[in-house]
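# Topology and contacts: notes
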Amino acid sequence: MALFRRKSAPEPLAARAPEPEVPQQAVLDALPDAAGVLGPDGRFAAANAAMESLFGAGRVLGRSLLETTRSKELADALEQGPFEAEVHLPALQKQVLARARPLSHGRALLLLRDLTEAKRLEAVRRDFIANASHELRTPVSALKGAAETLLSMPLDADAKSFVHIVSRHAERLARLTQDLLDLSRLETGLFRPSAETLELAPFVEGLIELFVEVASKKQISVGADIPPGLRCRADRRALEQMLVNLLDNAVKYTPQGGRVTVLADDVGGAVEISVLDTGPGIEDRHRERIFERFYRADSGRARESGGTGLGLAIVKHLTQAQGGTVGVQSGRGGSRFWIRLPSPSSNAVVTETSRGPA
Ligand code: ADP
């Protein structure tokens, strides 16, 4: 291959020919996305075949971004500098992921990725999970009920231990199908939170009571330290579910003799509720991903403890549906999961990159 052939002795500098420039069109054609270069006059100076086939031959070169895409949102965004965003293209009635980067001489590179197929597949996946979990509910609860009935009958020791296994797994299957159903309701937007003002201290105390018994079996102390009178705006049932999932994890992953604490505070326009534990912590490489469905940092331990791998995904969706954010800090001494929700005094929507009242 000429590209990689090496001369035995390097040529003297003066004799070396200038590096040939990589042809712009070849670079554009090699990109997997629809790609084009906009000149300083805002018109397409070059485009690859994918861009031409997205908008139709002859509808790109020499035309402005607005003429080609009919998207004012995209044209405005490009004026502001580099960006990456999902936008709707009225010219095509399509959602695309658009990325733009400045080039030399006042030009800009624009990349568009058609998201239609990805969105369709995502909808198919969501519907499948919703239908499957719905269909599984009835047989699973029948199994659970039958196993419980059998356990109340006189059985020999061997039979009893097998029925115990059936019962435990039916229980786990029931939790899994319920979690999947909850999650798909959240993803399909069927869940509409109704915000009410909640006083946090008594609300959290009520939830902690649910964990006292299971925690005491591991000599874990569970408590809260929440300023009296602190309130937040939230959907009561959703917040209950979020905190139950976080408390359940904290108690589950904290070893014998540890401590679980719920704290809450006003943090400028938002209320932050944290669940702290003295458990093993979560390694950096897992921390980003534990809010994904079925992701487990330590799959053996998590499965053994009866987890479905869906608890944190539910927490994230419920928080976002209420205009809040969720996160985790973790080290060797334990973990702190936090959720931020709007405080009653502010109308601000809390987002990761909060830009003030929305
Ligand atoms: P699971 O049902 O497996 O607990 P989650 O979605 O609730 O699923 O949590 C995802 C993973 O995050 C868990 O499998 C576990 O590895 C990790 N994790 C969650 N909470 C904690 C915690 N408090 N301490 C340590 N690891 C945790």
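Our subject in this report is the structure included herewith.

## Let's talk about the environment of Ala100
Within the secondary structure, Ala100 sits in strand E4 (residues 94-102). For the pair Ala100 and Leu74, spaced 26 residues apart in sequence, the C-alpha to C-alpha distance is 9.7 Å. The residues touching Ala100, leaving out its near neighbours within four places in the chain, are Leu78, Pro82, Phe83, Leu109 and Leu110.

## Some remarks on unusual backbone geometry
At Arg70, a position not held by glycine, the phi torsion is positive, near 60°. As for its placement among the helices and strands, Arg70 is situated in the loop between helix H3 (65-69) and helix H4 (72-80). Positive phi is not limited to glycine here, since Gln219 has a value of about 50°. Relative to the helices and strands, Gln219 resides in the loop between helix H7 (200-217) and strand E7 (221-225). In this structure Gln219 comes out as exposed when scored by relative accessible area, which is 51%.

## Examining the pairing of strand E10 (residues 270-277)
Within E10, seven of the eight residues are buried, which leaves the element mostly enclosed by the surrounding structure. In this structure, the hairpin formed by strand E9 (residues 259-266) and E10 is closed by a connection of three residues, where Gly268 is found at a positive phi of approximately 55°. Direction of pairing for E10 relative to strand E12 (residues 334-342): antiparallel, over a ladder of eight bridges. Counted as the bridge partner of Ser274 is Trp338 from E12.

## As for the site of the ligand
Around the ligand, a shell composed of 20 residues is seen, among which Asn249, Tyr253, Asp277, Thr308 and Leu312 lie nearest. In the model, an oxygen atom of the ligand is placed 2.8 Å from a nitrogen or oxygen of the Asn249 side chain. In the environment of the ligand, an oxygen atom lies 3.0 Å from a nitrogen or oxygen atom belonging to the side chain of Lys252. Taking 530 Å² as the accessible area of the ligand by itself, protein coverage stands at 98%. Elements supplying a minimum of two residues to the shell around the ligand: helix H8 (236-253), helix H11 (311-321) and E12. If you tally residues by element for the shell around the ligand, the top one is H8, at four residues. By residue class, the composition of the shell around the ligand is ten nonpolar, six polar and four charged.

## Quick word on the pattern of salt bridges
Applying the stated rule across the entire model yields 17 salt bridges. When the shortest N-O distance is used, the salt bridge between Lys252 and Asp248 registers 3.8 Å. Here Lys252 pairs with Asp248, and both are found in helix H8, just four residues apart, close to one helical turn. Given the relative accessible area of 21%, Lys252 is considered partly exposed. Put simply, Glu122, Arg125, Glu187 and Arg293 are held in one network by salt bridges that share partners.

How each quantity is defined
- Residues numbered from 1 in each chain as written.
- Predicted model: local features only at pLDDT ≥ 70, side-chain atom pairs only at ≥ 80, totals over all residues.
- Heavy atoms only, no water.
- Helix = DSSP H or I, 4+ residues; strand = E, 2+ residues; numbered from the N terminus.
- Contact = heavy atoms within 4.5 Å.
- Buried < 20%, exposed > 50% of the residue type's maximum accessible area, 1.4 Å probe, protein only.
- Pairing = 2+ DSSP bridges.
- Near = heavy atom within 4 Å.
- Polar contact = N/O pair within 3.5 Å; in protein donor to acceptor, adjacent residues only side chain to side chain.
- Areas by Shrake-Rupley, 256 points an atom, 1.4 Å probe, with all protein chains shown as cover.
- Nonpolar A, V, L, I, M, F, W, Y, C, P; charged D, E, K, R; others polar.
- Salt bridge = Lys/Arg side-chain N within 4 Å of Asp/Glu carboxyl O.

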